[in-house]
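For reference, the chains in residue letters:
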Amino acid sequence: MATYTFRRILQMLPLLLLISLIIYALTALQPGDPVDQLTLGNSQITPADIARLKAAYGLDQPIYLRYFYWLVQALHGDFGWSRSFSAPAALYVFQERLPNTLLLTVPALLIALLIAVPLGIYSAMRQYSLPDYVLTFFSFVAFSTPVFWLGPMVLWLFAIWLPQVTGGAVSLPPGGLGSPDLDPATAGFWAVLGDKLKYLALPLSVLALREIAVILRFMRANMLEVLNLDYVRTARAKGLPVSKVVYKHALRNAVIPIITLLSLAIPGLFGGAIITETVFSWPGMGRAIFEGLVNKDFNVVLASLTFISLLTLIFSLLADLAYAAVDPRIRYD
Amino acid sequence: MKASNKNAPRIWLTLSLLLTGAALTGAALAGPGNNSLVVGTSQEPPNIYDPWATNNLAIASEINGYMGASLVSKDNNGDLYADIAISVPTLANGGYKLTKNAKGDVTSNSVTYTIRKDAKWSDGTPITVKDFQFWLRVEQDERVPVPSRDPWDKAKISVVDGDTFTITYDPPYLFADQVSPPVAPSVSMASAWNAFDTATAKLDPKTSAKAINDGWVKFIAGFTTSRNLPKVVAGPFRPTAWRAGNSLTMVRNANYWRTPKGGSDKYVQSVQYRFIPNTNTLKVNVLSGQLDALSAVGLTFDQGIDLQRSERSKYKTYFVPSATWEHIDINGFSGVQKVKDLDLDDRRVRQALLYSIDRAALTKALFQSKQQVSNTFVNPISKVYKKDAKDYGFDPAKAKALFAAAGWTPGSDGVLTKGGKKFALNFTTTAGNTTRERVQQILQAQWKSVGVQVNIQNYPSSVVFAQDFIGGGSNGKWDMLMYAWTADPSLEKGNLFTSSQIPTAANGYSGQNEPGWKNAEYDALWTQAGSEFDLAQRVKLFDRMQSLWAEDVPSLPLYFRVNVYTKVPTLANYTFSAYTLYPSWNAYQIGWTAKGAAEIDVQK
């Protein structure tokens, strides 16, 4: 196992290098550059000004040299300066944006797991019953509803309509990270927590809803497959209680594919949820990457995508190792 | 054990619902309650109060308006008023002087300013001539990445006495009396600047441009970012908190010298900007009463119309004429085969294209006639605007006649043809801009009715505004291109259409005469106007320049856009115009009538 792990880690290095090259090329070769943003609408700017600015931003160098300089700096932990956020790109991404994203995506996934796993089991155990049909219907609706529509709808419902009909007694804030008037340094822990929950409620619900739909369907399908296997039938035949058959024998095998799902989902958590973050004005990683691309702030994009790529590689390794831990039939030599 | 297993899904479910159903309690509403102002905007500035404006984001300019002060500035009518200076220098009062040679040509000009005795930075230290000298020294330093140094590269400050200085422009600057040199806190910034100066003094700007820029970025970031708020400011508000991605708060600067009618305590004491990138969410914030007003950088026209429908006296929606000119450039580069094939370099064809479209009906249908149809590239509020410029009213008969005169006649399918070639061209704009896409559809249909086959071929704005695309007319990158220019109406120089601004390979496609229009008489008049200091004479020159332009129509003028914003009706003096651009121009007078603020300035 140790040899296998070490070999996989070694394989990661050239792969990560290749990924960084592809990310850099895709980012740098797109049309336009940061200087276009400065010249846009500025009728005073001269060709000499443009040449001077391109040199200042290092854009006068060929792309392979730019990549080389960036790589050397990145290996020293310096991902350059973010022009649109006026901060070192890596510092901004990891200190300002990543915590916000994790605050949103990790609870959303946990809530989704807490709800979807039991509902998936329940649905599978009562296949073709009314609750199963209801849950299936819910899953398809939730899965098919785009966030860019659902987000504004829940905003309208909780920030406009409900406050109107309840005279303001029931309302949730229409987006944002927290009450701008609340100073976390001076407000008490519970006040900050309550405020955060209030602002998290809508984006978290919207994000979790889709995850619930996906995991519920996945769990139901896995469970159904396992429940129909011979060893489960044998367990039932020998008179074991239903709970033991389900939770001890069937569930253990049914969750193995969930590990794959989670190992792919976890790097995604760090990448943020671009539409949800945008609709609910939540300053997370997804928005940072998107705004970085729009504003030609390449350093933010490169720092974020390199980090997410690294996580994807790490979690795919962890997933492989987890298979071995969960399933005794899997061994790496 | 059995029971707990059976209940497990139920317990999980209950826990989850408790978590997701987090406290549904009322959120704090904005309003005059605590004499504060909450403004929503769709952009967040990368930095604030950078005296050298090394980024050109509109929202940065708007927010800087609360914290900044100028020697002189413009009001909503374009008239100058004194802020840091004790009075507005003019030719009449001797503050503005022109130096002429024997032939009567102006060889240099100078403006003398006297600083108010009570003008202070927010920390109470006086604003002095040294602060203006420091600003100019840094502005002129070639290591500093300012987008453009015009006109400050030709300026020199000489001290008259402790409070008075003269800025001289040699060669002369046409608008020397209209703009004043900005100011930077020399005491506050001196040691950081000296550190940058020392660290980069030996670096060659040509070979070490990036290293110098990195040093500059570190210097300026020490004074302008969310982590390092400006140490001192000069304007009526000073920043106190900036939560990146969320909000920025400013409070009234007790050391600001101008006092609104009745005393500062009757006016807004704090201003908070909330950054809401999604404009639909911004709308929800207005509807839910979370915002007192919207920034000038916020909604689209359509969203403004939507909000206007739901006002119910909670807020009012305003459509303010802007300095942004929407138009369609026609590729006029004769070296491009398609331009030759379609005779786009023939003005009769361009005139026919303009006669074929009903711009009045278009602005009525899409913009409730709130956006004024334009006939030239000059803003109608500019003093050099030609009111009687040739008006290409909708006239399909005239359009067909002009096409016929150029040899284009309808084929069997109704499409104009000449020598076996069809009149088919691509029409490009920024993809995803729904307003422009709708305009395109209407124009496409109108052109079709006269036999012009228009193919819509849009690209993302990052592609359209990349220099090699927008400036690539000479390479046939586009046939017709719809976009907008923004220009200060009081500083109109006619630069857009001089042939020296034609993008070429030699200038890296960086000129702004994108259609490639070349007219010798226009060029001569432009050169003359550039050194004509008599406004009446300049008006005459621009009259002819606009006549030439309107006759040739290198671009199809569409309309001047409006900026949309909302505000709560009892919020006073929150106004702007195409001159002031942002409501922050009058920040010290913004207030709630309920708190005793006097309404001095009403939105037109």
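Cut-offs and rules
Residues numbered from 1 in each chain as written. Chains lettered and ligands numbered in written order. Predicted model: local features only at pLDDT ≥ 70, side-chain atom pairs only at ≥ 80, totals over all residues. Helix = DSSP H or I, 4+ residues; strand = E, 2+ residues; numbered from the N terminus. Rg over C-alpha atoms; globule rule 2.2 N^0.38 Å. Buried ≥ 20, exposed ≤ 12 C-beta atoms within 10 Å, placed from the backbone. Contact = placed C-beta atoms within 7 Å. Nonpolar A, V, L, I, M, F, W, Y, C, P; charged D, E, K, R; others polar. Pairing = 2+ DSSP bridges. Domains from an automatic or database assignment. Expected span 1.5 Å × (residues − 1). Axes fitted to C-alpha atoms, helices over the stretch in contact; angles between N-to-C directions. Parallel < 35°, antiparallel > 145°, perpendicular 65-115°, else oblique. Left-handed = near helix turned anticlockwise from the far one by under 90°. pLDDT = per-residue confidence, 0-100. Core = buried A, V, L, I, M, F, W, Y, C linked by C-beta atoms within 7 Å.

### Details of the overall build of chain B
Along chain B, the regular secondary structure elements total 16 helices and 21 strands. Relative to a compact globule of 604 residues, whose C-alpha radius of gyration would be 25 Å, chain B shows 27 Å and is just as compact. Projected onto its principal axes, the C-alpha coordinates of chain B cover approximately 100 × 75 × 55 Å. Scored against the burial criterion, the 604 residues of chain B give a buried share of 49%. A separation of at least 24 residues holds for 68% of the contacts in chain B among residues at least 6 apart in sequence.

### Quick word on the overall build of chain A
A tally of regular secondary structure across chain A gives 14 helices and two strands. Once the C-alpha set of chain A is aligned to its principal axes, its extents read approximately 85 × 65 × 40 Å. In chain A, which comprises 333 residues, the share counted as buried stands at 41%. The contacts in chain A between residues at least 6 apart in sequence include a share of 71% that link residues at least 24 apart.

### A word on the interface of chain B and chain A
Counting residues at the interface gives 67 residues for chain B, matched by 71 residues for chain A. Among the secondary structure elements, those contributing two or more residues to the side of chain B that touches chain A are α1 (2-20), α5 (209-224), β9 (247-252), β10 (270-275), α6 (279-287), α13 (461-464), α14 (467-470) and β18 (480-486) of chain B. Per-element tally for the side of chain B that touches chain A: the top contributor is α1 of chain B, with 11 residues. Residue composition of the side of chain B that touches chain A, by class: 29 nonpolar, 30 polar and eight charged.

### Structural notes on the sheet that holds strand β14 (residues 416-418) of chain B
Residues and elements named next belong to chain B. Taken together, the three strands give an open sheet; going across it, the order is β13-β14-β15, and neighbouring strands pair in antiparallel fashion. Sheet topology places β13 (409-410) and β15 (421-422) at the edges, where each strand pairs with a single neighbour. Relative to β14, β13 runs antiparallel, the two sharing two bridges. Across the sheet, residue Pro-410 finds its bridge partner in β14, namely Leu-416.

### Some points on unusual backbone geometry
Residues apart from glycine generally show negative phi values, whereas peptide bonds are mostly found in trans. Geometrically, the link from Asp-150 of chain B to Pro-151 of chain B is a cis peptide bond, its omega value of 5 degrees lying close to zero. Along the chain, Pro-151 of chain B turns up in the loop between α3 (129-140) and β6 (155-159). Along the chain, Asp-170 of chain B connects to Pro-171 of chain B via a cis peptide bond; the corresponding omega equals 5 degrees. A positive phi is found at Ser-86 of chain A, a non-glycine position, where the angle reads about 50 degrees. Examined against the element boundaries, Ser-86 of chain A turns out to sit in the loop between β1 (81-82) and β2 (87-88). One non-glycine residue, Ser-369 of chain B, adopts positive backbone phi at about 60 degrees. On the secondary structure map, Ser-369 of chain B appears in the loop between α10 (359-367) and α11 (396-405).

### Remarks on the domain arrangement of chain B
Many authors give the size of an interface as the accessible area that is lost as the parts come together. Residues and elements named next belong to chain B. Segmentation of chain B into domains returns domain 1 (8-40 + 233-251 + 258-315 + 568-595), domain 2 (69-212) and domain 3 (322-561). Taken over C-alpha atoms, the centre of domain 2 sits 37 Å from the centre of domain 3. Counting residues at the interface gives seven residues for domain 2 and six residues for domain 3. When the residues that make up the side of domain 2 that touches domain 3 are grouped by side-chain class, the tally is four nonpolar, two polar and one charged.

### Here's the deal with helix α4 (residues 63-75) of chain A
Over its 13 residues, α4 of chain A runs 18 Å from end to end, which matches the ideal 18 Å to within 8%, given 1.5 Å per residue. A positive phi of about 85 degrees marks Gly-77 of chain A, the residue just after α4 of chain A.

### Notes on the sheet that holds strand β4 (residues 96-100) of chain B
Strand pairing in a sheet relies on backbone hydrogen bonds. The paired strands run either parallel or antiparallel. All names here are of chain B. What the four strands build is an open sheet, ordered β4-β5-β7-β6; its pairing is antiparallel. At either end of the open sheet lies a strand with only one pairing partner, and these are β4 and β6. Going from strand to strand, the sheet's axes swing by 20 degrees on average, the running direction of each strand aside. Of the strand pairs in this sheet, β6 and strand β7 (residues 164-169) are connected by five bridges, and their pairing is antiparallel. Of the residues in β7, the one forming a bridge with Ile-157 is Ile-167. Relative to the sheet, α3 contacts β6 and β7, its axis offset from that of β6 by approximately 160 degrees.

### A closer look at the pairing of β4 of chain B
Residue and element names in this part refer to chain B. Pairing analysis gives five bridges linking β4 to strand β5 (residues 106-114), with the strands arranged antiparallel. Across the sheet, the residue bridging to Lys-97 is Ser-110, located in β5. In sequence, β4 turns back onto β5 through a hairpin of five residues, with Gly-104 there showing a positive phi of about 95 degrees.

### Describing the packing of helix α5 (residues 89-125) of chain A against helix α14 (residues 298-326) of chain A
All names here are of chain A. Running from N to C, α5 and α14 point in directions that differ by 55 degrees, and their axes come no closer than 8 Å. By the angle class used here, α5 and α14 are oblique. Every pair of crossing elements has a handedness; the one defined by α5 and α14 is right-handed. Facing α5, whose interface residues are Ala-89, Ala-90, Tyr-92 and Val-93, α14 presents Asn-299, Val-300, Ala-303 and Ser-304.

### Side note on the confidence of the model for chain B
All names here are of chain B. Summing up the model confidence of chain B, the mean pLDDT is 91 and the portion of residues at 70 or higher is 95%. In this model, residues 1-29 is a region of pLDDT below 50 whose contacts with residues beyond four sequence positions or in other chains number 44 contacts. Interface confidence in the predicted complex, given as ipTM, is 0.81; pTM for the same model is 0.86.

### Some words on the nonpolar core
With 174 residues, the main nonpolar core has Ala-112, Ala-116 and Ile-212 of chain A together with Ala-293 of chain B as its most contacted residues. When residues of this core are assigned to their parent elements, the largest contribution, 18 residues, is made by α5 of chain A. Looking at which domains feed residues into this core, each of domain 1 (8-40 + 233-251 + 258-315 + 568-595) and domain 2 (69-212) of chain B supplies at least three. Excluding anything up to four places from it in sequence, Ala-112 of chain A contacts Ala-208, Glu-211, Ile-212 and Ile-215 of chain A. Ranked by size, the runner-up nonpolar core spans 64 residues in total, among them Val-336, Phe-377, Ala-389 and Leu-556 of chain B.

### Regarding the confidence of the model for chain A
The predicted structure's coordinates, where accompanied by low pLDDT, should not be read in detail. Here chain A averages 88 in pLDDT, and 98% of its residues register 70 or above. The secondary structure element of chain A with the lowest average pLDDT is helix α2 (residues 34-39) of chain A, at 76, and the one with the highest is helix α6 (residues 130-144) of chain A, at 94.

### What about the environment of Phe-132 of chain B?
Residue position: Phe-132 of chain B is located in helix α3. Setting aside its immediate chain neighbours within four residues, Phe-132 of chain B contacts Ile-157, Phe-165, Pro-181 and Val-183 of chain B.

### A short note on α5 of chain B
For α5 of chain B, built from 16 residues, the straight-helix expectation of 22 Å at 1.5 Å per residue is met to within 8% by its first-to-last C-alpha distance of 22 Å. Buried within α5 of chain B are the following residues: Ala-209, Ile-212, Asn-213, Trp-216, Val-217, Phe-219, Ile-220, Phe-223 and Thr-224 of chain B. If you follow the buried residues of α5 of chain B, they end up packed against α3 (47-56) and β1 of chain A together with α4 (186-200) of chain B.

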